[in-house]
Amino acid sequence: MNVHCPHLPAFVDGELPLEHHEDFRAHLASCEACGVRLHDLLQADILGRLAHTKAPPTPEATGIPPAPWPLPPSEPAEVMAPPPHPRRQRPHWSHLGAFALALAAVSIWSTHVTREPPSPWSAPEPTRPLEARLTSVPLDGHRPYVPMRGGVPAAAPLPLRELARMEDRQDWRGIASAYLLAGDARQALNYLGNAAASPDVDSDRAVALALAHAGASEQTALDEALAVLEDVLREQPDHPQALWNHALVLRNLDLPLLAADAFDAVAKLGEPGWSAEARTHAGLLREQTLARGRAWKQAFAATQDLMADSNAPLPLKEAANLPGIVRLAFYDAVRAAPSKDAALRLLPLADTLDRAYGGGTVLHATVTRVAARDFQKREPLARDYARSVRGRTPFPPAFLETLRRSGEDDLYVGALGYELTAGRPVDVAVFARAADGLGDPWFHLIAERERANQEVRDGQWWKAEARVREALRTCAAERLDYRCADLHAWLTDMYLGELHRPAEAHAHALRGWQLAKKQGEWQQERLFLQELAQVARFHHVAPTASAYFRESLARVPDDRTQLNYVHRNLATLAWMDFRVDEARQHLEQSMESGLPLGLNGAGVLADLARFGPMPGAADALSRALSGLRQGQARPGERALLDSIQGEFELERDPTAGRALLRSVLTQAEQWPGDVYARRAQARASAALISDAGRTGAFVEALALAGRQFQVTEVPERCVLAVSVQHERTLAVARGPSGAVHGDFTQTRTAPLGQGASGLVPPALQEALRGCEQVQVLAPPPVNGLPRLLPPDIAWSYRVGHATVGPLPPVDSGEHLVVSNVDTPAALGLPRLPPMSHPPGEDARRVMLEGARATPSRVLEAMATATEVEIHTHGVFSPELSDASLLMLAPEQDGRYALTANQVRAHGLSKAPLVFLAACGAARTAPFPHESFSLPVAFLDAGARAVLAATVDIPDTAGRFFNDVRERIHAGALPSVALRDERQAWLQASPGDRWVHDVLLFE
C-alpha cells in the first residue's frame, strides 16, 4: 500500500488538510486501488446524502443490458483472443471511469472545502472533449476537437448534488451527458434507458453505444450506433447531431466516401463552426480515398500496353507501390513477348516485383527461362495468345491442344486460367498439374484454389476447406498478399454460400479487406466491401450491410454491373427491414440495368408478389431463374430456384404454385446436408404453411410444420405450431380435446426481435391450458425465442427428428458436472461461486473443474454421460461464432471456447439431459432457414433435451438449474419441472425476470 492510500477516507470526507491536497491528487491519478475504493466511498456518500431520492437506474431496472464487448474476429475452433466482458459478472467501473470520477471528485470536494457554489456544467473549454455531438444545448456549441495524444482525458467536473437535482427532475439525458463527458458510456446508456424515446435521446444513445466499447473491437458498437442513427434520420432527416454522429460512425467503419457524403449533409445546414469542420472532413476523406483509386487505375493503365507494345515504358514505380495488379500484367507481358530481347527487356520489372514481394528471384527466373525458349516455335503461339487475351475471346480447343503439346507451359497455364475465369469447362486436374510445374508459388496457390473448387462441386467441401486453409499458410509464408486476399475471398464465399457460417466468413472477409487496403488494391477493396456487406446481411445487420454496399457503389458509380448488383442487394435489405416500397424501388433500379437479378433479387421479387403486381416482374424473374439454372446447378440449388418460382406463382396461379412448392419439399428432403436444399425447404414450407393458414386449412398447416421438423406423426393433442413468414403470422393449437384452433394475420410490420411474446393470441393460449405439457413446432425464425407461452404453461421447443429406439434412463450413466472453471487469466473473467451439490452421495457424478475443464476433456466426458451440467461463463459474439460460446479452461495450444460446431461434430451416445447454466447459452442465430444455437447443436449430437437461457443470468442460476434437475429425478416431465420451478422461483423472487427466458429444447 502506498503511503498516500490511508488518506483516501479523509480526502473524501473533506477532512484532509488543504496543504496535502496537491500531493494526494497526483497520487489518486495513478493509483488504481484508490480509484476503485474512491468509487465505493462516493457511492456510499451519495446514498447517505441522498437517501430520499431513488437510486440510479441499473441495467436490470431499465431493461437495457450492458452493451456487449465483441471478440476480435477469429476462428471458432481456435479462439485465443480475450472475449467480451462476461454477462454474469456484476456491474463494475472501468479504470477510465473510476479515474474520471476521481477527477470530478477532486473538483467536487475542493468546492466543498472552499464553500464555492456548485454549477451544473463547467465553463466551456477552448476545445471539446468528444468528437461526437451531444444534444444538450449547453454542450453543443462548436469548439475545435483536439484528440488527446496520450494519457487519460480529464473529466468535466459535475457536483454530485447537481446530479441528484437532475435526477429529481428526471433529466436523464443531462445525467447521461455528464457520464459521457466523464468517460463512462455504460452508465450513460443506463440513464438514457429511462428517458422517453426521441430523436435527441437516440442520437445521444448512439454516441454512448459507440463509446461503450472503447478498447475492444468496435464492429458491434458501430453496427448498433449506425442502426440507431439511421432510424433517427429516417424520422428527422436534418437532425444536426445525428447527421454529424452518422458521419463519424461511417468514417470509423472505414467507409470514407459515404462518410464524406454525410459530412456534406452537415455542411449544408450552415451551422457556425460545425459546417466548416464538416466541409473540411468531407474534402479530406473524399480526396484521400479517390487518390488511392487514381493511383490504382494509373498503375492498371500503365500495364495495359505491355502485351501489345514491346517498347512500352516499364511500370517500375507502380510495381513497387502496387505489386499485385502489376504482377498480373507482368505474366501476360512475358507470355506475349515475341522475341528473346522482348522478354529480357522485362528483367528490371521482374526484379522490382521480386523486391516488392520480399526478395527472391522467382520472377527473374521466369523471364530468363522464357528468354531461353526457341522463339521460332514460340513466337506464333505467343502472338495468338496475346490476340485472344486482348480481344477477350475464347481460346479455340485446337489452340489449347497445340499449347499442351508445345512445351510452352506458361502459355498453356495462362490460356487455361482465362478459360476458368470465364467459366468455361476446363480439366482442373490438368490445369493444376501444369500450374504446379511452373515452380512459382503464385501459380501453385491458383492451382490449389481450382482443386478446391472442384472438390466443392464434388460435394467434398471439407477437403476444399482444409486445402485452402493450408494454401493460406503457404501464401503468408511467401508474402503473396494479393493471392492471400483472393484465398480469403474464396473462404468467405464458401462459408456464406456453401456452409452458412457467417462468423467464419466475417473473419476472412475482414482479413482480406485489410490485405487489400494494405496493398492499395482498389479493385479488391471494392470486392471485399461487398463480401462484408453479405456477411452483415446474413447476420441481419441491415444498416451496416447497406453501408458497405453503398460504399462499394460509390467507388464505381457508373458501372452498370455494379449498379445492378448493389440495388438488388439493397432491395433484399429493405425487405428484411419491412420497407416494402423501398425494396420495390431498388429492384426497379436493378431491373433498369437490363442485367439478371441474381438469386437475391429473384427472391425479393417473389416476396414482393404478395404485395401486388409489379410491371415487368414476371419477365425479370424468368430471366433471372433461367440464367441461374444454366450450367451445373446442384440438386439443392435447383430446388431453391423452384421454391422462388413457386412462391411467385402462388400469388398468380395458386394451384400451380402449390404443386411446385410441394415438389420442392420432395426434392429438398433428398439432400438434407445441402445448405441450398435446406433454404429451399424453409422457403417452400413457410409459403405453404402461410397459404394453408390464409385458407383456414389449419390441420394441413400443422402437418406441414411437422414435416419440416421430420415429425412422422404430429401429436393428436397438446401441440402448437407457430410460423412467421415476414409479414404473415400463423399460430395453430391443438388442445387436450384434440380440437384445432388457428389464427392467421398478415399485418406484421417489423422483424421479430429477441422475443416471441404476442405471437400466440390469448384464445389459443386458453385452448392449451388443460395440457400437461405442450410440444411447440416453430420453424425459424421463431424457434428458440423466449416467452412464446405464459409461464404457467409447461412447454418445450421440438427440434429435429425423434431419436430412434428407446432412450436409456437418465440415472443409468455418468452425471457430468463442469464447474469452477479456470478460464484464461488474460480474459479477466471473475470466478463463479463454487457449486453447492445436493446433500448425499452421488456415485454417478463426474467432476471436471479448474484447469482440467478444457474443451477437449469436456467433449470426451460428454460422450458417455446421461446427464451434463455446465456452469461457466457464456458469450455471444457474431464476429466469432454463429451461436453462443462456453468459456472453459485453455488447452495447451491456448484454445478455450466450446462452440456449437464442436459439439455438433461429437456424438453423445447416451442421449444426455443437458443443463447449460451459462449466460445467453440458448441465443439463436437469426437465420431464416434453420435454427443454429448451442441447444440445437447438442440435440443434433444426440442429447434428449437441453435447458438453457437466452439472456444473461446471475450467479444464483446454478441453483435454479439444479432444482429443475431434482424435479426431473423425482419423476416430473422436463417441461413440467421447468414450469413448476419457474413458478416457485418467481413467487419467492418476483424480480428475477430472467427465469422467463430459460427454455427447454427436446
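Given the structure is predicted, the values throughout are model-derived calculations rather than measurements. (Residues numbered from 1 in each chain as written. Predicted model: local features only at pLDDT ≥ 70, side-chain atom pairs only at ≥ 80, totals over all residues. Heavy atoms only, no water.)

**Examining helix H18 (residues 362–371)**
- Here H18 has its buried residues at Leu363, Thr366, Val367, Val370 and Ala371. Looking straight down H18, one finds its buried side chains confined to an arc of 125°; they lie on one side. (Buried < 20%, exposed > 50% of the residue type's maximum accessible area, 1.4 Å probe, protein only. Helix = DSSP H or I, 4+ residues; strand = E, 2+ residues; numbered from the N terminus. Arc of directions from axis to C-beta.)

**Considering unusual backbone geometry**
- Note that the residue after Pro780, namely Pro781, is joined by a cis bond; omega there is 10°.
- Mapped onto the elements of the fold, Pro781 is located in the loop between strand S4 (774–777) and strand S5 (795–797).
- For Ala911, which is not a glycine, the phi torsion comes out positive at approximately 50°.
- Tracing the chain through its elements places Ala911 in the loop between helix H39 (900–905) and strand S12 (913–917).
- For Ala911, a relative accessible area of 5% translates into the label buried.

**Let's talk about the packing of aromatic side chains**
- Per the stated rule, a full pass over the model turns up 23 aromatic pairs.
- Taken together, a centroid distance of 4.9 Å and an interplanar angle of 70° make the contact between Trp244 and Trp274 edge-to-face. Of the two residues, Trp244 is situated in helix H11 (residues 240–252) and Trp274 in helix H13 (residues 274–303); the sequence distance between them amounts to 30 residues. Here the two residues Trp244 and Trp274 agree in accessibility, since each one is buried.
- Summarising the aromatic geometry, the rings of Tyr331 and Trp442 are spaced 5.9 Å apart at their centres and angled 45° between planes, so their arrangement reads as tilted. (Phe/Tyr/Trp six-rings, centres within 6.5 Å; stacked < 30°, edge-to-face > 60°.)

**A word on the environment of Ala178**
- In this structure, Ala178 sits in helix H7 (residues 172–181).
- With a relative accessible area of 9%, Ala178 lands in the buried category.
- Along the chain, Ala178 and Leu139 lie 39 residues apart, while their C-alpha atoms are 9.9 Å from each other.

**Side note on the side chain of Glu869**
- Of note, Glu869 is situated in strand S8 (residues 865–871).
- In this structure the side chain of Glu869 is engaged in a polar contact, spanning 2.6 Å, whose partner is the side chain of His815. (Polar contact = N/O pair within 3.5 Å; in protein donor to acceptor, adjacent residues only side chain to side chain.)

**Observations concerning the side chain of Glu131**
- Summarising the element assignment, Glu131 is placed in the loop between helix H5 (95–114) and helix H6 (160–168).
- For Glu131, the residues in contact, after removing those within four places along its chain, are Tyr145, Trp244, Leu248, Arg251 and His281. (Contact = heavy atoms within 4.5 Å.)

**Some thoughts on the packing of helix H23 (residues 441–457) against helix H25 (residues 481–498)**
- H25 packs onto H23 with a crossing angle of 10° between their chain directions and a minimal axis gap of 10 Å. The orientation of H23 with respect to H25, classified from their angle, is roughly parallel. On H25, the residues that touch Trp442, Leu445, Ile446, Arg449, Ala452, Asn453 and Val456 of H23 are Tyr482, Arg483, Asp486, Leu487, Trp490, Met494 and Glu498.
- Here the contact of H23 with H25 is built from residues that sort into 9 nonpolar, 1 polar and 4 charged. (Axes fitted to C-alpha atoms, helices over the stretch in contact; angles between N-to-C directions. Parallel < 35°, antiparallel > 145°, perpendicular 65-115°, else oblique. Nonpolar A, V, L, I, M, F, W, Y, C, P; charged D, E, K, R; others polar.)

**Digging into the state of the cysteines**
- Under the defined criterion, the tally for this structure stands at 2 disulfides.
- For Cys475, the disulfide goes to Cys484, at an S-S distance of 1.9 Å. Measuring handedness by torsion sign, the sulfur bridge of Cys475 and Cys484 sits at about -125° and is left-handed.
- The disulfide that involves Cys718 links it to Cys771, with 2.2 Å between the sulfurs. Every disulfide takes its handedness from the sign of the S-S torsion; for Cys718 and Cys771 that torsion is -95°, giving left-handed. (Disulfide = S-S within 2.5 Å.)

**A short note on the pairing of S8**
- A large share of S8 lies buried, amounting to 7 of its 7 residues.
- Looking at chain direction, strand S6 (residues 814–821) and S8 are connected through 5 bridges and run parallel. Residue His815 lies in a different strand from S8, and its bridge partner there is Glu867.
- Strand direction decides the pairing type here: S8 and S12, joined by 5 bridges, are parallel. Across the sheet, the residue bridging to Ile870 is Leu916, located in S12. (Pairing = 2+ DSSP bridges.)

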